[in-house]
Amino acid sequence: MTHTSFVPSPYLHSKNGGKVSWKAPSNIALVKYWGKKENQIPANPSISFTLDACATTTILTFTKLQKKNKEFSFDLFFEGKSKEDFKPKIIAFFTRIEKYLPFLKEYHFKIETENSFPHSSGIASSASGMAALGLCLMSVEKELNPEIDGIFFNQKASFLARLGSGSACRSIEGDVIQWGRHKEIEGSSDLHAIKYPFKIHPIFKNFHDTILLVDKGQKQVSSTVGHNLMHNHPFSEERFKQAHLNLSELQVVFTEGNLDRFIEIVEGEALTLHAMMMTSLPYFILMKPNTLKIIEKIWKFRKASSTHVCFTLDAGANVHVLYPENEKDVVFQFIKDELVVYCQEQQYICDRIGFGAKKL
Ligand code: PMV
């Protein structure tokens, strides 16, 4: 597949209007994407668990214009309210994907979107948001070309979502998703994500992710800026190599259900991500004192309890606490007793591995 595979032939059907709706989940990376080339091409491959509870629902209403417009024509509503300040992001997204969806200037769109998680939770909604919008646009395209099959539909939705926000391409399907070319993973691509094609031991089914909201504010450094700081970064080449190696090793870990090695890789990835931030120029720190307190508590509890609870971090201060289904009672009790106190307003979200976006 090259990017031209996603440029459609002239549509054989026409449609005056309609309404489509999708609910797309967020995802949490185990091997992190950090650093990109032009056009949202990742500098290294990544892998994630698709989540279930954290999701964006988008309704897209489309109405054919009398004639093709010069500009994109759309209204945007977030949680029922008109959202002018989100518009530039959508215009940038539409501009990037117009080549692949030539109908974009032929319709007026009403985009109504809402998140299942609180707006000011420090949880980025770009992954689920761009995935939901990408899927809605694919549903419109499918009305213009009903021959599109399910495999291509998901691939192109992932391809479009990637152009909105890199990690969004991993939010179309579940439950373990891989993105970025890796020599041992057949079908892997920089252009779109794929369902992880290797065996996954049952211990990883129903994995839990309790998200501790340590800092609900806006991040001081956006992920776009962070990715760009990987250019000319003193450790970038080694880091990119490490991501490839970790993906190779995860194949064995997933097959065998080796939780101890899983923990080492996942926690190592989270800390490496933040180490990259701390060693870029300018350097920055997104963790907060309570992020570290939580990590220390997890390490202490894991040792004392012989459980397999571990953590990962995204580009922020919040902590994702990961644990298998068969340890959920004891670990969740520990979270409530010892970790929730470090959350802002004691807030956390109980999530778990999920199975991908749903058409509504
Ligand atoms: O998709 P972006 O550009 O917001 O970048 C996401 C980067 C991380 O969340 C830190 C890692 C990842 O792979 O999701």
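Given the structure is predicted, the values throughout are model-derived calculations rather than measurements.

Caption draft 1: Inspection of the site of the ligand at higher detail. Neighbouring residues of the ligand: A29, K32, Y33, W34, S165, G166, S167, R170, S223, H227, L273 and A315. Within the backbone of Y33, one N or O atom sits 2.9 Å away from an oxygen atom of the ligand. Within the side chain of S167, one N or O atom sits 2.7 Å away from an oxygen atom of the ligand. Protein chains shield 90% of the accessible area of the ligand, which is 380 Å² for the free molecule. Looking at the shell around the ligand residue by residue, the class counts come to five nonpolar, five polar and two charged.

Caption draft 2: Structural detail: unusual backbone geometry. A cis amide bond links G174 to the next residue, D175, at an omega of -10°. Within the fold, D175 resides in the loop between helix 3 (150-164) and strand 8 (176-179). A cis amide bond, omega 0°, links L281 with the succeeding residue P282. The topology assignment puts P282 in the loop between helix 6 (259-278) and helix 7 (289-305). Within the chain, N232 stands out as a residue other than glycine whose phi angle is a positive 60°. Examined against the element boundaries, N232 turns out to sit in the loop between helix 4 (223-228) and helix 5 (236-256). Residue N232 is classed as exposed on the basis of its relative accessible area of 80%.

Caption draft 3: Structural detail: the pattern of salt bridges. Here the structure, examined in full by the defined rule, presents 17 salt bridges. In this structure, E143 and K15 form a salt bridge, with 3.2 Å as the shortest nitrogen-oxygen distance. Note that E143 is positioned in helix 2 (residues 126-144) and K15 in the segment before strand 1 (17-31), a separation of 128 residues in sequence. According to the relative accessible area criterion, K15 is partly exposed, its value standing at 30%. Among the charged side chains, a salt-bridge network with shared partners connects E249, R261 and E264.

Caption draft 4: Local environment of helix 2. With 19 residues, helix 2 ought to run about 27 Å at 1.5 Å a step, and its terminal C-alpha atoms sit 27 Å apart, in line with that. Taking burial as the measure, the 19 residues of helix 2 include 16 buried ones, the bulk of the element.

Caption draft 5: A look at the packing of aromatic side chains. Under the criterion given, the structure shown has 26 aromatic pairs. When the ring of F49 is compared with that of F207, the centres are 5.7 Å apart and the planes differ by 55°; the resulting orientation is tilted. In this pair, F49 is assigned in strand 4 (residues 46-64) and F207 in the loop between strand 9 (193-195) and strand 10 (208-212), connecting sequence segments 158 residues apart. Relative accessible area serves as the criterion here: at 1%, F207 is assigned to the buried category. Aromatic pair F207 and F262: ring centres 5.6 Å apart, planes at 70°, arrangement edge-to-face.

Caption draft 6: Quick peek at the nonpolar core. Among the nonpolar cores identified, the biggest contains 43 residues, and L60, F94, I97, L104, F109, I111 and L137 are the most heavily contacted of them. When residues of this core are traced back to their parent elements, those giving at least two are strand 1, strand 4, strand 5 (73-78), helix 1 (87-97), strand 7 (107-115), helix 2 and helix 3. Excluding its chain neighbours within four sequence positions, the residues that come into contact with I111 are T58, I59, L60, F74, D75, L76, F77, I90, F94 and L133. In this structure, I123, I185, L247 and V266 belong to the second largest nonpolar core, which totals 33 residues.

Caption draft 7: Spotlight on helix 6. The terminal C-alpha atoms of helix 6 lie 28 Å apart, and with 20 residues this matches the ideal 28 Å at 1.5 Å per residue to within 8%. Backbone nitrogen of D260 and a side-chain oxygen of the N-cap are separated by 3.3 Å at the start of helix 6; the cap is N258.

Definitions and cut-offs
Residues numbered from 1 in each chain as written. Predicted model: local features only at pLDDT ≥ 70, side-chain atom pairs only at ≥ 80, totals over all residues. Heavy atoms only, no water. Near = heavy atom within 4 Å. Polar contact = N/O pair within 3.5 Å; in protein donor to acceptor, adjacent residues only side chain to side chain. Areas by Shrake-Rupley, 256 points an atom, 1.4 Å probe, with all protein chains shown as cover. Nonpolar A, V, L, I, M, F, W, Y, C, P; charged D, E, K, R; others polar. Helix = DSSP H or I, 4+ residues; strand = E, 2+ residues; numbered from the N terminus. Buried < 20%, exposed > 50% of the residue type's maximum accessible area, 1.4 Å probe, protein only. Salt bridge = Lys/Arg side-chain N within 4 Å of Asp/Glu carboxyl O. Expected span 1.5 Å × (residues − 1). Phe/Tyr/Trp six-rings, centres within 6.5 Å; stacked < 30°, edge-to-face > 60°. Core = buried A, V, L, I, M, F, W, Y, C linked by side-chain atoms within 4.5 Å. Contact = heavy atoms within 4.5 Å.

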